[in-house]
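As a plain string of letters, each chain reads:
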Amino acid sequence: MGQPKHTTTSGIEIKEVYCRAKPMTELPGQFPFTRGIQNDMYRGRLWTMRQYAGFSTAEESNKRYHYLLGQGTMGLSVAFDLPTQIGYDSDHEMAEGEVGKVGVAIDSLKDMEILFGGIDLQKVTTSMTINATAPILLAMYIALAKKQGADLSQISGTIQNDILKEYAARGTYIYPPKASMRLITDVFEFCSKEVPKWNTISISGYHIREAGSTAVQELAFTLANGKSYLKAAIDKGLDINVFAKRLSFFFNCHNNFFEEVAKFRAARRMWAFIAKELGASDPAAQKLRFHTQTGGSTLTAQQPMNNIIRVTTQALAAVLGGTQSLHTNGYDEALSLPTEAAAKIALRTQQIIAFESGVTDTVDPLAGSYFVETLTDEIESAAWKYIETIDVMGGSVNAIESGYIQKEIAEAAYQYQTDLENNERILVGVNKYTDQEGIHPEVFRVDDSIRQLQADKLTMLKAERDPGAVLNSLTGLTAAVRSGDNTMPYILAAVESYATLGEIADTFRKEFGEY
């Protein structure tokens, strides 16, 4: 007892010594992209250093964005509060106690204008972690870009827009699965014509991992969901060689260093074959591009400064695994939203890896490692078994509706917790090397008065806007839902009339129902 298991978190046995790897014939930038999607990787361009931020009001979040951009952040990642995520305005009774707490409250285009005040949307890339209401928030962003006079063909960023993992692991869904899939493919179709540089979905393993899955399950369930999105878009008549270029992925990175590196390498290879099998012949449509965030669930409230080391090793694994974009968590996030000091250390962690460590000087520096190559193969093999099981069930939607994916994640989470409690896995500061008294850092608090501020802004907005224009836009949206037309132009029209997020979401609720 007390000795670490010689297995990965996915239960793959780790041998004492690895003496042979398969001959290396693959090259970076070439199918199946195991070694990276570009032939020069970070020698040509570093990953985008993102910092995830959003809290309280749009005004307060805007201040944090300007601070992060001033510190060298290359892209913004927006966190939205829970009411925004599930389609309620801040003055709705269901929003009480949650406004501005886990992200920023966005009720209308007016809030979006404040959120990005003084920021040129053509000069930043923005990632928005939003799913059920993703089409509405994207429409607000596009409407703001139009107001700034931006060339829509040049604005770039990502919306998560991955509803399947919400049903499986996270829970911020609104509508039934098939209705949600329609909205997602509407976004694919609209953006391919109107905002061609926008990544229309970030297929997320992050929240699957946060719910307790293993690395193999995170990989398998994420790619299975991606396969379902490809098929849904193909069924809608979209060209896989066009829309698949704008898909991206969002992975977690946990503490088992080599398992994480191997997971990322296996992901690229597996996705290349999945896309090719479904008809993608353009190499750009076969490439798996991904953002990584360090593991929120790996952060401990006990001895929180230890989290700086955890985040550093996770960030290094993501870079050695070939990520295109990276967010590093603040050391205090097990206690609260990150303070400015913690956010700065998290960003500096990435900058030190990029400019001081030397790991960016050559492409895929761990290639040919006996251990890494073997582990890449073993993770891939284990993930294919899950995907084959899901395929037999008829795909991810059926696997989720039957409870299969949720059950697998729950069992993995239970096993991990049992291992911790039995000291079969060590968590420093938690079940070994504990202190009676820990460090108590400053924590970030969001004031409960935020809800009233947002409610007052909504009252003012409704008094100033043209009620006839709002009614007409929402009526048009209802008609589009019923006729089967693409809903995005109608959502955009509603946003531009200053219809609120809740009013637009309620229009869909009336037509689709709630799940």
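Coordinates for the structure precede this section.
Bear in mind the structure is a predicted one, so any value in this text is a computation, not a measurement.

### Details of the pairing of strand E8 (residues 290-294)
Here is step 1: Within E8, 5 of the 5 residues are buried, which leaves it mostly tucked inside the rest of the structure.
Here is step 2: Pairing of E8 with strand E9 (residues 325-327) involves 3 bridges; the strand directions are parallel. What sits directly across from threonine 292, in E9, is leucine 326.
Here is step 3: Crossover handedness for the path E8 to helix H12 (residues 306-320) to E9: right-handed.

### Some details on the side chain of threonine 339
Here is step 1: Note that threonine 339 resides in the loop between E9 and helix H13 (340-356).
Here is step 2: Residue classification places threonine 339 among the buried residues on the basis of a relative accessible area of 7%.
Here is step 3: Only 2.9 Å separates the side chain of threonine 339 from the side chain of aspartate 332, close enough to count as a polar contact.

### Points about empty space enclosed by the protein
Gaps left between atoms are located by rolling a probe of water-molecule size over the structure's atoms.
Here is step 1: Evaluated as defined, the whole model comprises 4 cavities of 30 Å³ or more.
Here is step 2: Empty space within the largest cavity amounts to approximately 100 Å³.
Here is step 3: What lines the largest cavity is a set of 17 residues, among which Tyr42, Val319, Val363, Asp364 and Pro365 lie closest to the centre.
Here is step 4: The residue inventory of the lining of the largest cavity, partitioned by class, reads 7 nonpolar, 5 polar and 5 charged.

### Some details on the nonpolar core
General note: in soluble globular proteins, nonpolar side chains tend to be found buried as a group.
Here is step 1: In this structure, Phe116 and Ile504 are the most contacted members of the largest nonpolar core, which totals 129 residues.
Here is step 2: Sorting elements by how many residues they give to this core places helix H4 (residues 134-147) first, with 11 residues.

### Examining H12
Here is step 1: Here H12 is 15 residues long and its end C-alpha atoms lie 22 Å apart, about the 21 Å a rise of 1.5 Å per residue gives.
Here is step 2: Regarding H12, the residues found buried are Asn307, Arg310, Val311, Gln314, Ala315, Ala317, Ala318, Val319 and Leu320.
Here is step 3: The secondary structure elements touched by the buried residues of H12 are strand E7 (247-253), helix H10 (257-277), E8, E9 and H13.
Here is step 4: With its phi angle positive at about 90°, glycine 322 sits one or two positions after the end of H12.

### Re the packing of helix H18 (residues 467-483) against helix H20 (residues 501-512)
Here is step 1: Taken N-terminus to C-terminus, the directions of H18 and H20 make an angle of 35°; their axes are 10 Å apart at the nearest point. By crossing handedness, the relation of H18 to H20 is classed as right-handed. Along its contact with H18, which presents Val470, Leu474, Leu477, Thr478, Val481 and Arg482, the element H20 presents Glu503, Ile504, Thr507, Phe508, Glu511 and Phe512.
Here is step 2: Here the contact of H18 with H20 is composed, by residue class, of 7 nonpolar, 2 polar and 3 charged.

### Comments concerning the packing of aromatic side chains
Here is step 1: Per the stated rule, a full pass over the model turns up 23 aromatic pairs.
Here is step 2: Note on tyrosine 167 and tyrosine 515: the rings are 5.2 Å apart at their centroids and 85° apart in plane angle, and the pair reads as edge-to-face. Of this pair, tyrosine 167 sits in helix H5 (residues 164-170) while tyrosine 515 sits in the segment after H20, placing them 348 residues apart in sequence.
Here is step 3: Between tyrosine 206 and phenylalanine 250, the ring centres sit 5.0 Å apart and the planes meet at 5°, which makes this aromatic pair stacked. On the criterion of sequence distance, the pair formed by tyrosine 206 in helix H7 (residues 206-210) and phenylalanine 250 in strand E7 is long-range, its members being 44 residues apart.

### Examining the pattern of salt bridges
Here is step 1: Within the structure shown, the criterion is met by 27 salt bridges.
Here is step 2: With a closest N to O distance of 3.0 Å, glutamate 260 and arginine 209 form a salt bridge. Remark: arginine 209 occurs in helix H7 and glutamate 260 occurs in helix H10; sequence separation between them is 51 residues.
Here is step 3: A relative accessible area of 0% means that glutamate 260 is categorised as buried.
Here is step 4: Residue class for arginine 209 comes out buried when judged on its relative accessible area of 3%.

### Considering the packing of H10 against H12
Here is step 1: Between H10 and H12, the shortest axis-to-axis distance is 8 Å and the interhelical angle comes to 30°. In this view, H10 runs roughly parallel relative to H12, as classed from their interaxial angle. Every pair of crossing elements has a handedness; the one defined by H10 and H12 is right-handed. Contacts from Phe257, Glu260, Val261 and Phe264 in H10 reach Thr313, Leu316, Ala317, Ala318 and Leu320 in H12.

Conventions we followed
- Residues numbered from 1 in each chain as written.
- Predicted model: local features only at pLDDT ≥ 70, side-chain atom pairs only at ≥ 80, totals over all residues.
- Heavy atoms only, no water.
- Buried < 20%, exposed > 50% of the residue type's maximum accessible area, 1.4 Å probe, protein only.
- Helix = DSSP H or I, 4+ residues; strand = E, 2+ residues; numbered from the N terminus.
- Pairing = 2+ DSSP bridges.
- Right-handed = clockwise from strand over helix to strand, strands pointing away.
- Polar contact = N/O pair within 3.5 Å; in protein donor to acceptor, adjacent residues only side chain to side chain.
- 1 Å grid on protein atoms, 1.4 Å probe; cavity = no way out; pocket = protein on both sides within 12 Å on 5 of 7 lines; lining within 4 Å.
- Points joined across faces, edges and corners; volume = space filled by probe spheres on them.
- Nonpolar A, V, L, I, M, F, W, Y, C, P; charged D, E, K, R; others polar.
- Core = buried A, V, L, I, M, F, W, Y, C linked by side-chain atoms within 4.5 Å.
- Expected span 1.5 Å × (residues − 1).
- Contact = heavy atoms within 4.5 Å.
- Axes fitted to C-alpha atoms, helices over the stretch in contact; angles between N-to-C directions.
- Left-handed = near helix turned anticlockwise from the far one by under 90°.
- Phe/Tyr/Trp six-rings, centres within 6.5 Å; stacked < 30°, edge-to-face > 60°.
- Salt bridge = Lys/Arg side-chain N within 4 Å of Asp/Glu carboxyl O.
- Parallel < 35°, antiparallel > 145°, perpendicular 65-115°, else oblique.

Any link to function would need more than the numbers given here.
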